[in-house]
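Observations on the three-dimensional arrangement
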Amino acid sequence: MSEKKSFYITTPIYYPSAKLHIGHAYCTTIADAIARFKRLAGYDVFFLTGSDEHGQKIQRTAEKQNVTPIEYVDKIVAGFQELWQRLNISNDDFIRTSEERHQKVVQEFFRRIRDKGDIYKGEYTGLYCTHCESYWTELQLDENKCCPDCHRAIEKVSEEAYFFKMSKYGDKILKYIEENPKFIVPTSRRNEMIKFIKQGLEDLCVSRTSFDWGIPVPEDEKHVIYVWFDAVINYITPLFNDPERFKKFWPADIHLVGKEIVRFHSIIWPCMLMALDLPLPKQIYGHGWLIVEGDKMSKSKGNVVDPMHLIDEFGADAIRYFLLREITLGQDGGFSRDALINRINADLANDLGNLLHRSLNMIKKFQGGIVLKSVGENEIDKSFKNDAMNTVFEYKNLMENVQLSDAIKKVWTFISRANKYIDETMPWKLAKDESQKQILSNTLYNLAESLRIISILISPLMPKTGQKIFEQLNLENFEKSRLEDVLTFGKLPSDYKVNKAEQLFPRIEVEKQ
RNA sequence: CGCGGGGUGGAGCAGUCGGUAGCUCGUCGGGCUCAUAACCCGAAGGUCGCAAGUUCAAGUCUUGCCUCCGCAACCA
């Protein structure tokens, strides 16, 4: 048996200093849709998400609540996992940086790089606020050159720290980025990174002594390993202890990240991998942000959108659909309740839901719920089937290129086409004319078949909805569906009974102002 | 001279290698009655932020300006 092609995709590991908002859900939903599509296309997929649990901020928050850091993060992280479950995220593993399996790998990597001479002990000098126990950069200070948090005076402080010789790898990483145009996507981010490296890379401080909620530096335990050095290694942790798996899935195909952390993933992380003599990930994909009411989401602005509430109100698939359809991947996109409701009503209820409903209803009304065999075809059928197959083809190409929004639009163009097909064929007229019986059967068969195809095409974005359509069509084994199942028109069985039409998405009524 | 991204019909957006400006929603008119007051067809509506330049041809390339917004080495 030949080995299946493999595909490895990651999301960032989220920081449990607060509950997740819709922006996190956005990122994870994209990754999930890609992962599901790859599975549909026959790949062996590994999809990883997780939580980045260390650091001073967590330690301090836990202290404020009079709990230990691990008690604190356990609770928050349970919330992450619940959210992913409710959003139907199909991750294959969930990595927590506080786990032992991760600590071991981080320490191992630290040792290797140190032994190689690329980590050295030096002195970190920074602007320190004693009250907040926090370092700040020059640019972060407030207008009076004081701590941006508590506005007290800051002082210049030095502490012993380990540094990673990132400066050594500047030329190498620059060359790699220039030789691999698809390494950083979109191009705007790539340009940004190139400029950044050309300014010159500094060595990176990778340890701290001012707090202890972190992974100890091996053989020097008063230090803990700091931030990014710890975090990015998560992408390898689940593979590292299993050579087979490692061989199969590393390097990762896509690290999906927010645009603000592209730098860490496309510069720091690759430099670390170079120091370890490990292959670099194939692609860093920087997605945009969700803009809520014209503003970036943030706690201080009070416009944070809780994805859990949205799921309660509208259902996971509707949220998934909106995020994937409405926002062009790589760019910022607007999120609003009105826009969401608009999409649900127009695309999900009116176009898709109603197509299913009216089709099944006609099968019931005109043929007693039986999908009859299709024999022969006229010009209208032919053009319709042709459009179906073109849709599958274009969808496949776009999905392979990670152009999710465009791929979805193609499916909806076809949904529209199917609605139009009903208008063209007018089954209610055919039903009144005995001599048109076969044509009616053909028409209804084609509609049911197109719904089968649609349900599989949308399964990466809306797994539950695809499943529901399958059920109403009285088909089985939805989860075993493959892209191959929709590459030819006419795989739907015939002479069998479909189930009763149920509303997929009820319209959401809003009072007009 | 810190870096980057936007400004496109009423709203929200797309626009690859320069080649007749597209999509969704909304509005207006028509059609249909299988359906979730839904579906289908048609129409109106744009000096593509401003100015100059390159070109047979600029939303697209160059320069300058106006304006909004991010980043600036621990906020998806």
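Within each chain, residues carry numbers counting from 1 in the order of the written sequence. Here every chain gets a letter starting at A, and every ligand a number starting at 1, in the order they are written. Since the coordinates come from a predicted model, pLDDT governs what is reported: local features require at least 70, and pairs of side-chain atoms require 80 or more to be given and counted, while whole-chain, interface and lining totals use all residues. Excluded from the side-chain calculation are hydrogens and water; included are all heavy atoms of the structure.

So, on to the overall build of chain A. Put simply, DSSP marks the helices as runs of H or I at least four residues long and the strands as runs of E at least two long, and each gets a number from the N terminus on. On a plain count of helices and strands, chain A comes out with 18 helices and 17 strands. By residue count, 54% of the 513 residues in chain A fall in the buried class. Restricting to contacts in chain A with at least 6 residues of sequence separation, those with at least 24 account for 76%. Here, Shrake-Rupley sampling with a 1.4 Å probe gives the accessible areas, and only protein chains in the shown set may cover a residue. Total accessible area on chain A stands at roughly 23,700 Å², and carbon and sulfur atoms take up 47% of it. With a 1.4 Å probe rolled over the protein chains alone, any residue whose accessible area is under 20% of its type maximum counts as buried; one over 50% counts as exposed, and the rest are partly exposed. Two residues qualify as a contact provided that any one of their heavy atoms is within 4.5 Å of a heavy atom in the partner residue.

What follows covers helix α5 (residues 170-179). All of the buried residues along α5 are Gly170, Ile173, Leu174 and Ile177. When α5 is viewed along its axis, its buried side chains cluster within an angular range of 100 degrees and face the same direction. For α5, exposure combined with an orientation more than 90 degrees from the buried face picks out Asp171, Lys175 and Glu179. The directions from the helix axis to the C-beta atoms form the arc being described.

Looking now at unusual backbone geometry. A cis amide bond, omega -5 degrees, links Val185 with the succeeding residue Pro186. For Pro186, the position within the fold is in the loop between β7 (184-185) and α6 (187-198). Residue Trp250 is joined to Pro251 through a cis peptide bond whose omega torsion reads 5 degrees. Its location among the elements puts Pro251 in the loop between α9 (243-249) and β11 (254-258).

So, on to the pattern of salt bridges. Definition used for salt bridges: Asp or Glu carboxyl oxygen within 4 Å of a side-chain nitrogen of Lys or Arg. Going through the model one piece at a time under the given rule, you end up with 35 salt bridges. For Lys121, the salt bridge goes to Glu160, with nearest N and O atoms at 3.5 Å. You can see Lys121 sitting in strand β4 (residues 119-129) and its partner Glu160 sitting in strand β6 (residues 155-164), a full 39 residues away along the chain. Asp387 is the partner of Arg417 in a salt bridge, and the nearest nitrogen-oxygen pair spans 2.6 Å. Of this pair, Arg417 sits in helix α15 (residues 404-425) while Asp387 sits in helix α14 (residues 379-400), and the two are 30 residues apart along the sequence. Arg417 gets classed as buried once you look at its relative accessible area, which sits at 13%. In this structure Asp387 comes out as partly exposed when scored by relative accessible area, which is 27%. Each of Lys121, Glu160, Asp220 and Lys222 takes part in one network of salt bridges that share partners.

Moving on, we come to the sheet that holds strand β2 (residues 44-51). Pairing between the strands of a sheet is mediated by backbone hydrogen bonds and can be parallel or antiparallel. Pairing between strands requires that DSSP locate at least two bridges from one strand to the other. Spatially, six strands are ordered β3-β2-β1-β11-β12-β7 in an open sheet, and the strand pairing comes out parallel. Taken across any chain shown, the strands that pair with only one partner, and hence form the sheet edges, are β3 (93-96) and β7. Sheet analysis places β2 next to β3, joined by four bridges and oriented parallel. Its bridge partner lying in β3, Thr49 is registered against Phe94.

This part covers the nonpolar core. By size, the foremost hydrophobic cluster in this structure holds 110 residues, and its most contacted members are Trp84, Phe335 and Trp412. The term nonpolar core refers to a set of buried residues drawn from Ala, Val, Leu, Ile, Met, Phe, Trp, Tyr and Cys, joined through side-chain atoms within 4.5 Å. Core analysis: the second largest hydrophobic core is formed by 56 residues, Leu48, Tyr162, Ile215 and Trp269 among them.

Okay, the environment of Lys57 next. By the secondary structure assignment, Lys57 is in helix α2 (residues 56-64). Separated by 295 residues in sequence, Lys57 and Leu352 place their C-alpha atoms 46 Å apart. Setting aside chain neighbours within four positions, we find Lys57 in contact with Tyr15 and Ser17.

Attention now moves to a positive patch on the surface. Like charges within 9 Å and nonpolar side chains (Val, Leu, Ile, Met, Phe, Trp, Tyr) within 5 Å are joined into patches, using only residues over 30% in relative accessible area that form no salt bridge. Residues scored as charged are limited to Lys and Arg (positive) and Asp and Glu (negative), so that His and the chain ends carry no count. Positions of charges follow a simple convention, taking NZ of Lys, CZ of Arg, CG of Asp or CD of Glu. Together, Lys364, Lys365, Lys497 and Lys500 give the surface a local cluster of positive charge. Position of Lys497 relative to the elements: it lies in strand β17 (residues 496-497).

Side-chain rings of Phe, Tyr and Trp, where Trp is taken by its six-membered ring, are said to pair if the distance between their centres is within 6.5 Å; with planes under 30 degrees apart they count as stacked, over 60 as edge-to-face, and otherwise as tilted. Per the stated rule, a full pass over the model turns up 24 aromatic pairs. When the centroid spacing of 6.3 Å and the interplanar angle of 75 degrees are considered together, the rings of Phe7 and Tyr43 count as edge-to-face. Of this pair, Phe7 sits in strand β1 (residues 6-14) while Tyr43 sits in the loop between α1 (22-40) and β2, placing them 36 residues apart in sequence. On the basis of relative accessibility, which here comes to 6%, the residue Phe7 falls in the buried class. A centroid spacing of 5.0 Å and a plane angle of 85 degrees characterise the contact between Tyr176 and Phe183, whose relative ring orientation is edge-to-face. Relative accessible area serves as the criterion here: at 24%, Tyr176 is assigned to the partly exposed category. Chaining the aromatic ring pairs together yields one cluster made of Tyr8, Phe46, Tyr235, Phe249, Trp250 and Trp269. A positively charged side chain is recorded as over a ring if its NZ (Lys) or CZ (Arg) lies within 6 Å of the ring centre. The angle to the ring normal must also be within 35 degrees. Sitting over the ring of Tyr43, Lys38 keeps its end group 4.4 Å from the ring centre. Its end group placed over the ring of Phe196, Arg263 keeps NZ or CZ at 4.6 Å from the ring centre.

This next bit is on α2. The set of residues buried in α2 consists of Gln56, Ile58, Gln59 and Ala62. One face of α2 carries all of its buried residues, which in axial projection span an arc of 165 degrees. In α2, the exposed positions angled more than 90 degrees off the buried face are occupied by Lys57 and Lys64. In the segment just after α2, Asn66 is the residue with positive phi, at about 60 degrees.

Turning our eyes to something else, we now look at the pairing of β11. Burial analysis of β11 places five of its five residues in the buried class, the great majority of the element. Bridge count for β1 against β11 is two bridges, and the pairing is parallel. For Thr10, the partnering residue across the bridge sits in β11 and is His255. Pairing geometry for β11 and strand β12 (residues 284-287), over four bridges, is parallel. By the bridge assignment for β12, Val257 is matched with Gly286.

A word on the state of the cysteines. Note on terminology: pairs of cysteine sulfur atoms within 2.5 Å are recorded as disulfides. A full pass over the atoms with the stated rule returns zero disulfides. Here Cys205 is not disulfide-linked; the sulfur of Cys271 is the nearest cysteine sulfur, at 16 Å. Judged by its relative accessible area of 10%, Cys205 is buried. Using a relative accessible area of 0% as the deciding quantity, one classes Cys271 as buried.

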